[in-house]
Amino acid sequence: MNLAIIGLGYVGLPLCLQFARSGVQVLGLDIDAEKVSALNAGRSYIRHIPAGEVKKLVRAGKFSASADFSLIGGRRRGDESQTKKKNLEPPHVGSYRGKIDAILICVPTPLQKNRTPDLSFVLNTGKAIARHLQRGQLVVLESTTYPGTTENELRAVLENGSGLTAGVDFHLAFSPEREDPGNPRSRVAEIPKLVGGYTPACLAAAIRVYSRAIRILIPVANCRTAEAAKLLENVFRGVNIALVNELKGVYAALDIDIWDVIAAARTKPFGFMPFYPGPGLGGHCIPIDPFYLAWKAKQVGQETRFVELAGEINRAMPVKVVARVVRALAAQKKKLRGARVLVLGLAYKANVEDDRESPSYALLDLLAARGAQVAYHDPHVPVIKPTREHPHWAGTKSVPWNRPTISRFDAVLIATAHSAVNYRQLAAWSPLIVDTRNVLAGIKTAPGQVWKA
Ligand SMILES: NC(=O)c1ccc[n+]([C@@H]2O[C@H](COP(=O)([O-])OP(=O)(O)OC[C@H]3O[C@@H](n4cnc5c(N)ncnc54)[C@H](O)[C@@H]3O)[C@@H](O)[C@H]2O)c1
């Protein structure tokens, strides 16, 4: 079996490696030439993916990367010189002549400025595939999106660009990714995977492909059911996080610690699942996906009040956390204006380097706007890369982790619970810690030194 996986990011790359490990011949396609050459040179740009793994599979000829979409159509001899010249491919890709059986799409699905879905990555990829699409091939969308995208928007670009018909000339399916970044026990092969087909034959074709690499496959009624299930999973998290974020404030006013409450409630062996409060939502999924659903709901005259309320509560968290920093400083007779505040953790989640949509940026912005001298420390983000959303922080470096540096700050605001940070040292070095993740529970500190937020 030969597979093309388009979009070699947090979702696409682990999927490539899982299929390649399972003996499938995998061609990774991406428009980012740097990623293509890094992979072909056996390098990894994702922290939890070891370079050795990439190197082994590239050397074994099981995995290669390219920016040349014509490979989807099974490249003719003589087409190879151009990409070879650009040094984007190892030699065995240049001689790639295998027919691709299936094409999996793992490109971004962000929001536009007005918080409406931006399907341009998916549709441009669809157009690029359509030019080379062959009869009998399977196309699967993995990117998170609103229900209907696969069978309406994606199908239209594939059919218009190829002259072929979905369900007749080629197979079409949707299968959402379930990644748990930063969880070392999470294995792509072991996570049950939903699959929805445009037709029963499309579903059967998709199940055939995925069963090569994934242990448990769950067929669902159609593509839109699979798309809707993925959104339910993410909205479920967003809503439950909003609930504990709200209860955190309510219980704090009643002099009850939300963390103790959750620890107690989670002893119930049925009907309860723990979610934890934090400084706000981050990452590429939970803050974004509900807007895909809300937008689609509006198209059919439906409201998503629950989803929107959860978004409001979660987006308000950084402001509340900064208010807590103000109170904590005031208790030490200090003002936020002019105070030195260190945000500890820039990544949105523990033990990852992914800073997309991280609430730490909102914290840095709010603190700086109120006159604090801000800095950050994150063992996984040594320097802030340029981004569209936070261009003003680009180039800022993580401050070093040592007593003279850390003790210089009037307050340390813990935003991410990275396990590579030594919190005992922090407790020994910092005069004031505002902890949004409860990481200092169980560590001896002085009265008034730690404020939960
Ligand atoms: N990161 C997660 O944990 C996660 C989990 C589940 C689902 N998802 C969903 O999976 C999708 C991909 O997310 P990700 O985190 O892997 O994104 P990513 O930004 O890490 O990777 C996307 C890759 O696609 C490439 N790309 C963009 N446009 C392209 C094009 N036209 N042709 C080829 N390549 C192109 C980019 O260069 C990049 O390498 C999104 O829809 C996301 O919502 C992500």
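Scroll up for the structure.
Now for a look at the structure at hand.

The rules behind the values
- Residues numbered from 1 in each chain as written.
- Predicted model: local features only at pLDDT ≥ 70, side-chain atom pairs only at ≥ 80, totals over all residues.
- Heavy atoms only, no water.
- Near = heavy atom within 4 Å.
- Polar contact = N/O pair within 3.5 Å; in protein donor to acceptor, adjacent residues only side chain to side chain.
- Areas by Shrake-Rupley, 256 points an atom, 1.4 Å probe, with all protein chains shown as cover.
- Nonpolar A, V, L, I, M, F, W, Y, C, P; charged D, E, K, R; others polar.
- Salt bridge = Lys/Arg side-chain N within 4 Å of Asp/Glu carboxyl O.
- Helix = DSSP H or I, 4+ residues; strand = E, 2+ residues; numbered from the N terminus.
- Phe/Tyr/Trp six-rings, centres within 6.5 Å; stacked < 30°, edge-to-face > 60°.
- Buried < 20%, exposed > 50% of the residue type's maximum accessible area, 1.4 Å probe, protein only.
- Lys NZ or Arg CZ within 6 Å of the ring centre and 35° of its normal.
- Pairing = 2+ DSSP bridges.
- Axes fitted to C-alpha atoms, helices over the stretch in contact; angles between N-to-C directions.
- Contact = heavy atoms within 4.5 Å.
- Lys, Arg positive; Asp, Glu negative; His and termini not counted.
- Parallel < 35°, antiparallel > 145°, perpendicular 65-115°, else oblique.
- Left-handed = near helix turned anticlockwise from the far one by under 90°.

**Notes on the site of the ligand**
Taken together, 26 residues form the shell around the ligand, and within it Val11, Asp30, Lys35, Thr109 and Thr144 come nearest. Interatomic distance of 2.8 Å between a backbone N/O atom of valine 11 and an oxygen atom of the ligand. One of the side-chain nitrogen or oxygen atoms of lysine 35 is found 2.8 Å away from an oxygen atom of the ligand. Isolated, the ligand exposes 830 Å² of accessible area, and the fraction of that covered by the protein chains is 91%. Split by residue class, the shell around the ligand holds 12 nonpolar, seven polar and seven charged.

**As for the pattern of salt bridges**
The final tally for this structure, using the stated rule, is 14 salt bridges. Here glutamate 233 and arginine 178 are joined by a salt bridge, their closest N and O atoms 2.6 Å apart. You can see glutamate 233 sitting in helix 9 (residues 223-253) and its partner arginine 178 sitting in the loop between strand 6 (171-174) and strand 7 (193-197), a full 55 residues away along the chain. Via salt bridges that share partners, Glu142, Glu177 and Lys193 belong to a single interconnected network.

**Here's the deal with the packing of aromatic side chains**
Centre distance and the angle of the planes are the two values used to describe a pair of aromatic rings. What the rule picks out here adds up to six aromatic pairs. Centre to centre, the rings of phenylalanine 19 and tyrosine 210 are 6.0 Å apart; their planes meet at 45°, and the pair counts as tilted. Taken together, the residues phenylalanine 19 in helix 1 (residues 12-21) and tyrosine 210 in helix 8 (residues 200-210) connect sequence positions 191 residues apart. Classification of tyrosine 210 by relative accessible area gives buried; the value is 0%. The interplanar angle of 35° and the centroid separation of 6.1 Å between the aromatic rings of tyrosine 146 and tyrosine 292 together place this pair among those described as tilted. Linking tyrosine 146 in the loop between strand 5 (138-141) and helix 7 (150-162) with tyrosine 292 in helix 11 (residues 289-299), this pair joins segments that are 146 residues apart in sequence. Each member of the aromatic cluster is reached from another via a ring pair, and the members are Tyr146, Tyr292 and Trp295. Sitting over the ring of phenylalanine 409, arginine 408 keeps its end group 4.9 Å from the ring centre.

**Examining the sheet that holds strand 13 (residues 450-452)**
Read across the open sheet, the five strands follow the order 10-9-11-12-13; overall the sheet is parallel. Two strands close off the open sheet at either side, each with one partner strand: strand 10 (373-377) and strand 13. For this sheet the average axis-to-axis angle between neighbouring strands, irrespective of direction, equals 20°.

**Overview of the sheet that holds strand 4 (residues 102-105)**
On the basis of which strands lie adjacent, the open sheet formed by eight strands has the order 3-2-1-4-5-6-7-8 and mixed pairing. Lying at the two open borders of the sheet, with one neighbouring strand each, are strand 3 (63-66) and strand 8 (217-220). In this sheet, neighbouring strand axes are inclined to one another by 25° on average, regardless of whether the strands run parallel or antiparallel. Relative to strand 6, strand 5 runs parallel, the two being bridged by four bridges. The residue of strand 6 that forms the bridge with leucine 141 is phenylalanine 174. The strands touched by helix 1 within the sheet are strand 1 (2-6), strand 2 (25-29), strand 3 and strand 4, with strand 1 carrying the most contacts at an inclination of about 170°.

**A look at the side chain of glutamate 227**
Structurally, glutamate 227 can be placed in helix 9. Here glutamate 227 is buried and forms no salt bridge, its nearest opposite-charge partner arginine 224 lying at an N-O distance of 7.3 Å. Beyond its immediate sequence surroundings of up to four residues, glutamate 227 is in contact with Thr145, Tyr146, Pro147, Gly148, Thr149, Thr150 and Phe174.

**Observations regarding the environment of leucine 293**
Note that leucine 293 resides in helix 11. If sequence neighbours within four positions are ignored, leucine 293 has contacts with Leu231, Val235 and Thr304.

**Thoughts on unusual backbone geometry**
One non-glycine residue, aspartate 255, lies in the positive phi region at around 60°. Here aspartate 255 shows up in the loop between helix 9 and helix 10 (258-265). Although it is not a glycine, lysine 333 sits at a positive phi angle of roughly 60°.

**Comments concerning the packing of helix 9 against helix 12 (residues 305-315)**
Their axes nearest at 8 Å, the elements helix 9 and helix 12 cross at an angle of 50°. Between helix 9 and helix 12, the angle is such that the two are oblique. In this structure, the crossing between helix 9 and helix 12 has a hand that is left-handed. Note on element contacts: helix 12 touches helix 9 through Phe306, Val307, Ala310, Ile313 and Asn314, opposite Val235, Gly238, Val239, Ile241, Ala242, Asn245 and Glu246.

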